[in-house]
Amino acid sequence: MELSTRYEPQATEAKWYPLWNDAGCFGADANSSRPPYCIVIPPPNITGILHMGHALNNTLQDALIRWRRMAGDNALWVPGTDHAGIATQNVVERSLLAQGSSRHSLGREAFLEQVWQWRDKHGDIIVNQLKRMGCSCDWTRERFTLDEGLTRAVRTTFSRLYRDGLIYRGNYLVNWCVRCGTTLADDEVEYTDKQGKLWHMRYPIEGLPGEFAVVATTRPETMLGDTAVAVNPADDRYKHLIGRHVLLPLVNRRIPIIADDFVDREFGTGMVKITPAHDPNDYQAGKRHGLEEINVLTPDGHINENGAAFEGLERYAARKAVVAELEKLGLMEKIESHPQRVGECYRCHTAVEPYISLQWFVKMAPLAAPARKAVEDGRVHFHPEGRVNDYYRWLDGLRDWAISRQLWWGHQIPAFYDDEGNVHVPDTDEEYEQMRADARDGKLRQDPDVLDTWFSSALWPFSTLGWPDEQSADLKAFYPTSVLITAKDIIFFWVARMIMMGLHLRDEVPFHDVYFNPIVADEHGKKMSKSKGNAIDPLTLMEEYGTDALRFTLCAYASRDQHIAFNVKECEGYRNFMNKLWNASRFIFSNLEGLTAEDLAAAAPADPAARAAMPLEDRWILSRYAHTVQAVNEALTGFDFDIAVKAIYDFFWKDFCDYHIELTKSRLYGATNDPSPEATARSKSAQAMLVVILEGTLRLLHPVCPFITEEIWNALRDTLPQGFAQEAPTGQTLGAESAKAFSSTFLMTAPWPTFDPQSYIDEAAETQLELLQEVIYTIRNIRGEMKMGPGIAATIRMAAPDQPTLEALRRDTAFFHALTNLKTLEMDMEGAVSSPAFAATGMARGVMIYVELPEEMKQQECQRLEKEVARLAGEVTRLGAKLSNESFTAKAPAAVVEKEREKLFTLQEEHDTITKKLALLGND
RNA sequence: GGGCGGAUAGCUCAGCUGGUUAGAGCACCAGCCUUACAAGCUGGGGGUCCACGGUUCGAACCCGUGUCCGCCCA
């Protein structure tokens, strides 16, 4: 097969997804007896497009789900989207505005029809992007928060909570977005630091002509709604004023001067104005002191009828007007610049107003306590564990949750009012339908508001599985789900609420583990945002480097650190890895001639005795492979994605490509010149081993890099003889495991490596090969430093320090020929090796190595040895000092001391030997 | 202001329970088109592990203080 020397991801990535999907590879089976493994996707919102956070989050989910699926679990990844009440409504309203229309001119029904149209047209953009990334979601179970089933879940929850006394309606101070015309939950308000102003205003004190109460404020227009002035009761400056009244300017209202502990004596003048209807602190103070709450704003942010002459002014225009008027009256003491935090709507970034209105709330305290306990007693584990502190702190400081939104797009609140003002909340679907009918007939009126989108998100882990139908097969099979993977910035938005709802409604936690994936920032560590213009588009990266490379990069970044400074350059390195994988595979494909199913079946037996006769490099690579499988299993189990991918990277590139493949070449090529049965057998064993390792690595890597692995794996099978998989042999060999894997249609449905890594770990082979590696490294090092190009064949002699080492070297002389250009290689015991005319000298594990060189290199060799002696002398001194320190030898563990002694002994020997060599050279 | 996390090579990051001569990739330097791969191969240079104290025979790692950066909350 002719393959390009470079891996080109585009065609591969386009090819496999539809094949997998059409073959039903993504689907889970609710009736399976295999152990369930379920992840529900954090539903992206329908107005969203894929950003780096999504890319990371979904790569990790896909890696886990593909891993568990291969490992034999009944793996289900439930996909879906959320309706994003405010965001979606905003998008459609903007386009209506552009057409000179509005939702109000359309009316509720027609408007909703438009939104649905918009969602049908644009709502699956992000879903398609997830598919482009390779996400193996079960699309037959795709959900949308406004689906009939999920809507029923929302209605059921509302009734349940209402009946349980956990939902109530009342007039309270809430966060109000004047642009969206809706209330917001506390955590939907984002705060930014701005340079604002602090206005010091004078309120004339009644009965004390010429004296003023000077209050400082950042929002002067709210003074129209002031109903008191407050001082700290312990503030001696103002004690005498407590109980007096001031005359509120502009509106001429007589309001009291009260004392309250909450007043900060250091802030401003130490006197504050109290505006209960427009400030959270003042609201509380107002309740404590029974103050009147005077609302001065209209829902769209204009001054209302309570604002006297300022009625009708927009809030910022009113601010200017109020300030100008006070200045004119000489009531503005001073204006300072003042840093302040401004709360903004998380969807439209308009400054939020604290605003009193009639809303629905969820009582949080009774829900928070069990949710806290579930994490405390380990029914839900957080990874990294430290995140529990955020969770606890949020739960502990929780205020009731404002759930009604003055929007049309969403779940309309299932509460109905009759003419007497009674509230009716249906308990059943039948009651609900009846009330809807009554509402149409005008007998009842349904609450016009909708529920917070997060209200439906909180139900997602079970609503997607069929709840409230307790008999749902999916619910029975997959709830509680296995793990939730999410970004930590929505820990409150929904992790906590899902736990609360899961516990309250189903008496069970919604998931056993929560893994918080890191936040992806730009290369300078700054959070990515559209407004900053530092956002990286994952689709661009996929096009440039390939999806697998991007996925690999994201996994490599997903360490315990909760912050990723994403550097695009990293993708390049892992793109190169994909290319390496590709080219190693090409090499293997072109060297499989003559390999049979029997050859493969016999390869890599689990029985160590059966492996004893195998070449060192094969025993070694199997041991390395076994370590890698073990490392990957452990890493994925512990959500250490970076460790998993780096283990594969190092194994494949450094062990397999750099050494094992190179070492098999002589066996592979040997058969072409030598038709003997022995040579053929050697060649076939090499071929089989290459297939075993490549095939196994592809399976290990598949969860992270699904496309390239599927491509190569299929190409590998196609390269093998016809009927290969059908003859899949059984038996305790990795060759048989690979052959069996090939009976799967796809790699994605092939089994995860299940052999016991322990049985393939071969410490003796590893130690032996490390000796050879060190020797070859020493030779290459000398060649490099002595400017001996690869074209020059070297004459090498080695002197072993002892008989076992000599035997080890002699057993595998092919190793040296394979890895460096040799003319002659001689080896013997120390003393038995004849000294060459002139040679550079090196030592590796006691083995003396001579690389013959022309005499004129003597100068360079002296320099090289001097450097080496200096290095060794330094080490010897350091270790000597350590070992002559009595407190070290007395207090450190014996094993540590012994290790250091041995080290010193070896170093001392090397030092002395090299010193002698140097002396000899100098004497010439 | 409170909490959490981070600070290790020019850059991006590993370094798990203290016992290393502190690692990788990229970048850099030198040499190689060695019949899988120049997106490659081989070798090399490069770090008072933020600072200062402390614990310890021994600290990148543990404790304290400070500085800077990031995130969250008020």
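Everything here concerns the structure above.
Residues numbered from 1 in each chain as written. Chains lettered and ligands numbered in written order. Predicted model: local features only at pLDDT ≥ 70, side-chain atom pairs only at ≥ 80, totals over all residues. Heavy atoms only, no water.

Student: Explain the overall build of chain A to me, please; I cannot follow it from the model alone.
Tutor: Summing up its helical and strand segments, chain A has 32 helices and 29 strands in all. Taken against the 2.2 N^0.38 rule, which gives 29 Å for 924 residues, the C-alpha radius of gyration of chain A at 37 Å runs more than 25% over that of a compact globule. Across its three principal directions, the C-alpha atoms of chain A cover 115 × 65 × 55 Å. The buried share of chain A, taken over its 924 residues, is 56%. A total accessible area of about 39400 Å² is found for chain A, and carbon and sulfur atoms account for 50% of it. Each charge class in chain A was averaged separately, 99 positive and 131 negative side chains, and the resulting centres sit 3 Å apart. (Helix = DSSP H or I, 4+ residues; strand = E, 2+ residues; numbered from the N terminus. Rg over C-alpha atoms; globule rule 2.2 N^0.38 Å. Buried < 20%, exposed > 50% of the residue type's maximum accessible area, 1.4 Å probe, protein only. Areas by Shrake-Rupley, 256 points an atom, 1.4 Å probe, with all protein chains shown as cover. Lys, Arg positive; Asp, Glu negative; His and termini not counted. Charge placed at Lys NZ, Arg CZ, Asp CG, Glu CD.)

Student: Looking at this model, I keep getting lost on the sheet that holds strand E10 (residues 245–248). Mind explaining?
Tutor: Strands pair in a sheet through their backbones, by hydrogen bonds, and they do so in one of two ways: parallel or antiparallel. Taken together, the four strands give an open sheet; going across it, the order is E10-E11-E9-E12, and neighbouring strands pair in mixed fashion. Looking at the sheet topology across the chains shown, the edges are occupied by E10 and strand E12 (271–274). Strand-to-strand twist in this sheet, taken as the mean axis angle between neighbours without regard to direction, amounts to 30 degrees. Note: strand E9 (residues 228–231) against E12, four bridges, orientation antiparallel. By the bridge assignment, Ala228 is partnered in E12 with Ile274. (Pairing = 2+ DSSP bridges. Axes fitted to C-alpha atoms, helices over the stretch in contact; angles between N-to-C directions.)

Student: What should I look at first to understand a negative patch on the surface in this one?
Tutor: Together, Glu148, Glu430, Glu431 and Glu433 make up a region of like negative charge exposed at the surface. Take Glu433: its relative accessible area is 46%, and that puts it in the partly exposed class. (Patch = residues over 30% accessible without salt bridge, like charges linked within 9 Å, V, L, I, M, F, W, Y side chains within 5 Å. Salt bridge = Lys/Arg side-chain N within 4 Å of Asp/Glu carboxyl O.)

Student: It is not clear to me how helix H1 (residues 9–22) should be interpreted in this structure. Could you clarify?
Tutor: Residues spaced three or four apart along an α-helix face the same direction, because each turn holds 3.6 residues. For H1, spanning 14 residues, the distance from its first C-alpha to its last is 21 Å, which sits close to the expected 20 Å at 1.5 Å a residue. Buried within H1 we find Pro9, Thr12, Glu13, Trp16, Tyr17 and Trp20. Seen from one end, H1 has its buried residues packed into an arc of 115 degrees, which puts them on one side. Relative to its buried face, H1 has exposed residues pointing more than 90 degrees away, namely Ala11, Ala14 and Asp22. Looking at the buried positions of H1, the neighbouring elements they touch are helix H2 (52–70), helix H6 (125–132), helix H17 (538–545), helix H18 (547–557) and helix H25 (706–719). Positive phi shows up at Gly24, right after H1, with a value of about 75 degrees. (Expected span 1.5 Å × (residues − 1). Arc of directions from axis to C-beta. Contact = heavy atoms within 4.5 Å.)

Student: I'm lost on the protein's contact with RNA strand B in this one. Help?
Tutor: Among the 54 residues in the neighbourhood of RNA strand B, the closest are listed as Arg6, Ser559, Arg586, Arg878 and Lys891. In RNA strand B, atoms within 4 Å of the protein come from the sugar-phosphate backbone in 64% of cases. Between RNA strand B and Lys654 there is a distance of 3.3 Å, counted from a sugar or linking oxygen to a side-chain nitrogen or oxygen. One of the side-chain N or O atoms of Tyr669 is found 3.4 Å from a phosphate oxygen in RNA strand B. Mapped onto the surface near RNA strand B, the elements with two or more residues apiece are strand E25 (563–565), helix H19 (569–589), helix H23 (641–673), helix H27 (763–785), helix H30 (858–884), helix H31 (886–891) and helix H32 (894–923). (Near = heavy atom within 4 Å. Polar contact = N/O pair within 3.5 Å; in protein donor to acceptor, adjacent residues only side chain to side chain.)

Student: Looking at this structure, I do not really get the packing of H19 against H25. What am I missing?
Tutor: The relative placement of two packed helices is expressed as an angle between their axes plus a distance between the axes. Between H19 and H25, the shortest axis-to-axis distance is 11 Å and the interhelical angle comes to 0 degrees. Between H19 and H25, the interaxial angle falls into the category roughly parallel. Only Ile708, Glu711, Ile712, Ala715, Leu716 and Thr719 of H25 make contact with H19, whose side of the interface consists of Met578, Leu581, Trp582, Ser585 and Phe589. Here the residues of the contact of H19 with H25 sort into eight nonpolar, two polar and one charged. (Parallel < 35°, antiparallel > 145°, perpendicular 65-115°, else oblique. Nonpolar A, V, L, I, M, F, W, Y, C, P; charged D, E, K, R; others polar.)

Student: What exactly am I supposed to notice about the nonpolar core here?
Tutor: Taken as a class, soluble globular proteins show a tendency for nonpolar side chains to be buried jointly. If you look at the biggest cluster of nonpolar residues, it comprises 246 residues, and the most contacted ones within it are Phe382, Phe455, Ile499, Phe566, Met798 and Phe816. When residues in this core are grouped by element, the largest group, 13 residues, is from H23. Setting aside chain neighbours within four positions, we find Phe816 in contact with Leu772, Val775, Ile776, Ile779, Met798, Leu809, Leu822, Leu825 and Met827. Among the nonpolar cores identified, the runner-up in size contains 34 residues, and Leu248, Leu250, Ile257 and Met271 belong to it. (Core = buried A, V, L, I, M, F, W, Y, C linked by side-chain atoms within 4.5 Å.)

Student: Explain the state of the cysteines to me, please; I cannot follow it from the model alone.
Tutor: A disulfide bridge is the covalent bond that connects two cysteines by way of their sulfur atoms. Taken as a whole and judged by the stated rule, the model has zero disulfides. You can see Cys180 has no disulfide; the closest cysteine sulfur is in Cys177, sitting 3.6 Å from it. On the accessibility criterion, Cys180 (4% relative accessible area) is buried. (Disulfide = S-S within 2.5 Å.)

Student: Which parts of the structure should I look at to understand the pairing of E10?
Tutor: Bridge analysis of E10 against strand E11 (residues 253–259) gives four bridges, and the strand direction is antiparallel. Counterpart to Leu247 in the pairing with E11 is Arg254. Between the antiparallel neighbours E10 and E11 lie four residues, among them Leu250 with a positive phi of about 70 degrees.

Student: Is there a simple way to think about the side chain of Thr227 in this case?
Tutor: Structurally, Thr227 is set in the loop between strand E8 (212–217) and E9. Looking at Thr227, the relative accessible area reads 6%, which means it is buried. Not counting residues within four places of it along the chain, the set of residues in contact with Thr227 comprises Ile255, Pro256, Ile274, Pro276, Leu291, Glu292 and Ile294.

Student: Hey, could you run me through the environment of Leu465 in this one?
Tutor: Of note, Leu465 is situated in the loop between helix H14 (460–463) and helix H15 (473–478). The buried category is assigned to Leu465, whose relative accessible area is 1%. The spacing of Leu465 and Val78 is 387 residues in sequence and 8.4 Å in space, taken between C-alpha atoms. Setting aside chain neighbours within four positions, we find Leu465 in contact with Leu76, Val78, Ser472, Asp474, Leu475, Phe478, Tyr479 and Thr481.

Student: I keep staring at the side chain of Ser32 and nothing clicks. Help me out?
Tutor: Summarising the element assignment, Ser32 is placed in the loop between H1 and strand E1 (36–40). A polar side-chain atom of Ser32 sits 2.9 Å from the main-chain amide nitrogen of Arg34.

Student: Teacher, can you tell me more about the environment of Ala374 here?
Tutor: Assignment of secondary structure puts Ala374 in helix H10 (residues 365–376). Residue class for Ala374 comes out buried when judged on its relative accessible area of 0%. Here the alpha-carbon distance between Ala374 and Glu508, two residues 134 residues apart in the chain, equals 9.2 Å. When neighbours within four sequence positions are excluded, Ala374 is seen to be in contact with Arg379, Val380, Ile499, Leu503 and Val509.

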